[in-house]
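Reading the structure
Letter by letter, the chains look like this.
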Amino acid sequence: MKKYDGYVALALEKGVDDALIVDTAKVFTAPWVRMKCKFGCAGYGKRLCCPPHTPDHMETRAVLDSYKQALLCHKHWKKDYKVVGGFNDTIVDLETAVFLDGYYKALGLGSGPCSLCKTCDTSGTCRNPERARPAMEACGIDVFQTARAHDLPIRVVRSHGEDRNIYGIVLIE
Ligand code: SF4
């Protein structure tokens, strides 16, 4: 059994469809990612876990480079926003499990805008700092390239009603 296999098993137990240990060098960042948030997303600036409140791709690259390995998780999203909230909760639970095992740098990033509160006062501080985490894409991670580099499914969806694939990651050490 490899060092972090227990976290893969735990993630699968918690309902993700795929979980694998990846090198952080193969978690890709790009300058265009947050531009897609800024121009094209109605949620831009409305949540503290969304840009411009989140780190840009350069800061995120530096953060990723301060780790060697991470747990990458995938879930098939079936037209139900509760799936996203549940998935992001799972990422925070996994981060907590990793942290409590002594990996003190453990840090989770989820998918999509934070939905923990009905409204988000972006002039203040987060009301749920223990559970709120930004999405991978909100930090400038190219989720498409990262998923494809690991042979995981992802594709452009053509309408809001289509099923899609969501991703989260827990940086370990
Ligand atoms: S937990 Fe609430 S306050 Fe914090 S980012 Fe999410 S919506 Fe905003």
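Please refer to the structure placed before this passage.
Residues numbered from 1 in each chain as written. Predicted model: local features only at pLDDT ≥ 70, side-chain atom pairs only at ≥ 80, totals over all residues. Heavy atoms only, no water.

The next point concerns unusual backbone geometry. Across residues other than glycine, the phi torsion is negative in most instances, and most of the peptide bonds are trans. Cis geometry is adopted by the peptide bond preceding Pro52, which originates at Pro51 and carries an omega value of 5°. Take Pro52: it is sitting in the loop between helix 2 (33-38) and helix 3 (57-64). (Helix = DSSP H or I, 4+ residues; strand = E, 2+ residues; numbered from the N terminus.)

The next point concerns the packing of aromatic side chains. All told, the structure shown has three aromatic pairs when counted by the stated rule. Relative to Tyr7, the ring of Tyr4 has its centre 6.3 Å away and its plane inclined at 25°; by these criteria the two rings are stacked. On the basis of relative accessible area, Tyr4 is assigned to the buried category, the value being 5%. The class of Tyr7 is buried, set by a relative accessible area of 9%. Pairing Tyr4 with Tyr103 gives two aromatic rings, centres 5.6 Å apart and planes at 70°, and the pair type is edge-to-face. One end of the pair, Tyr4, is in the segment before helix 1 (5-13); the other, Tyr103, is in the loop between helix 4 (81-100) and strand 3 (107-109), and 99 residues separate them in sequence. As far as burial versus exposure is concerned, Tyr4 and Tyr103 are alike and both buried. Among the aromatic side chains, those forming a connected cluster through ring pairs are Tyr4, Tyr7 and Tyr103. The ring of Tyr67 carries Lys105 above its face, with NZ or CZ at 4.8 Å from the centroid. (Phe/Tyr/Trp six-rings, centres within 6.5 Å; stacked < 30°, edge-to-face > 60°. Buried < 20%, exposed > 50% of the residue type's maximum accessible area, 1.4 Å probe, protein only. Lys NZ or Arg CZ within 6 Å of the ring centre and 35° of its normal.)

Note that all results are geometric; they support no functional claim without further evidence.
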